[in-house]
Amino acid sequence: MPFRWLADDAVLVAPTLGERKLAGFGNYVARAARKQEQVRLSVWDDEQAWKLASSGRGNGDELLAHRRADYLKDDTLSEPVDRFLVFSRDGEVIYQRDFRSWPLTELD
């Protein structure tokens, strides 16, 4: 999946990228972050929207429609976090994966 770095914690992907590809990208990011204690990565499909959101300018709902996914890992918290979320254009979570419970158990 092609992407371009926007910052240390943000990447740009094609606006036409589907949810399945984004979900697979979460697995890639989680593997790359295995040995790190803290990682945050947001996935955007519009560079201008990312610039406005990161600077605190612009209408939040319009900008967040271009935020496609978020990965967060923080092992320093009392309850560690390691999750990947994929968002719809409305900002709703349409896929989520908690990597703390990997590999899946028979109940999953």
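> Explain the sheet that holds strand β6 (residues 93–98) to me, and be specific about the residues and the numbers.
Strand pairing in a sheet is mediated by backbone hydrogen bonds. Such pairs are either parallel or antiparallel. Taken in spatial order, the 6 strands line up as β1-β2-β3-β4-β5-β6 in an open sheet, and their pairing is mixed. Every other strand in the sheet has two partners, leaving β1 (4–7) and β6 as the edge strands with one partner each. Shown here is a sheet whose adjacent strand axes are inclined to one another by a mean of 20°, direction ignored. In the sheet, β1 pairs with strand β2 (residues 10–12) via 3 bridges, with the strands oriented antiparallel. When the sheet's bridge partners are listed, W5 is paired in β2 with V11.

> Give me helix α1 (residues 19–32): which residues, what numbers.
Helix length check: α1 (14 residues) gives 20 Å between terminal C-alpha atoms against 20 Å at 1.5 Å per residue, within 8%. Those residues of α1 that fall on the buried side of the exposure criterion are L22, A23, F25, G26, V29 and A30. Seen from one end, α1 has its buried residues packed into an arc of 155°, which puts them on one side. Turned more than 90 degrees away from the buried face of α1 sit R20, K21 and A32, all of them exposed. Those residues of α1 that are buried lie in contact with β2, β3 (38–44), β4 (67–74), β5 (81–87) and β6.

Procedures and definitions
Residues numbered from 1 in each chain as written. Predicted model: local features only at pLDDT ≥ 70, side-chain atom pairs only at ≥ 80, totals over all residues. Heavy atoms only, no water. Pairing = 2+ DSSP bridges. Helix = DSSP H or I, 4+ residues; strand = E, 2+ residues; numbered from the N terminus. Axes fitted to C-alpha atoms, helices over the stretch in contact; angles between N-to-C directions. Expected span 1.5 Å × (residues − 1). Buried < 20%, exposed > 50% of the residue type's maximum accessible area, 1.4 Å probe, protein only. Arc of directions from axis to C-beta. Contact = heavy atoms within 4.5 Å.

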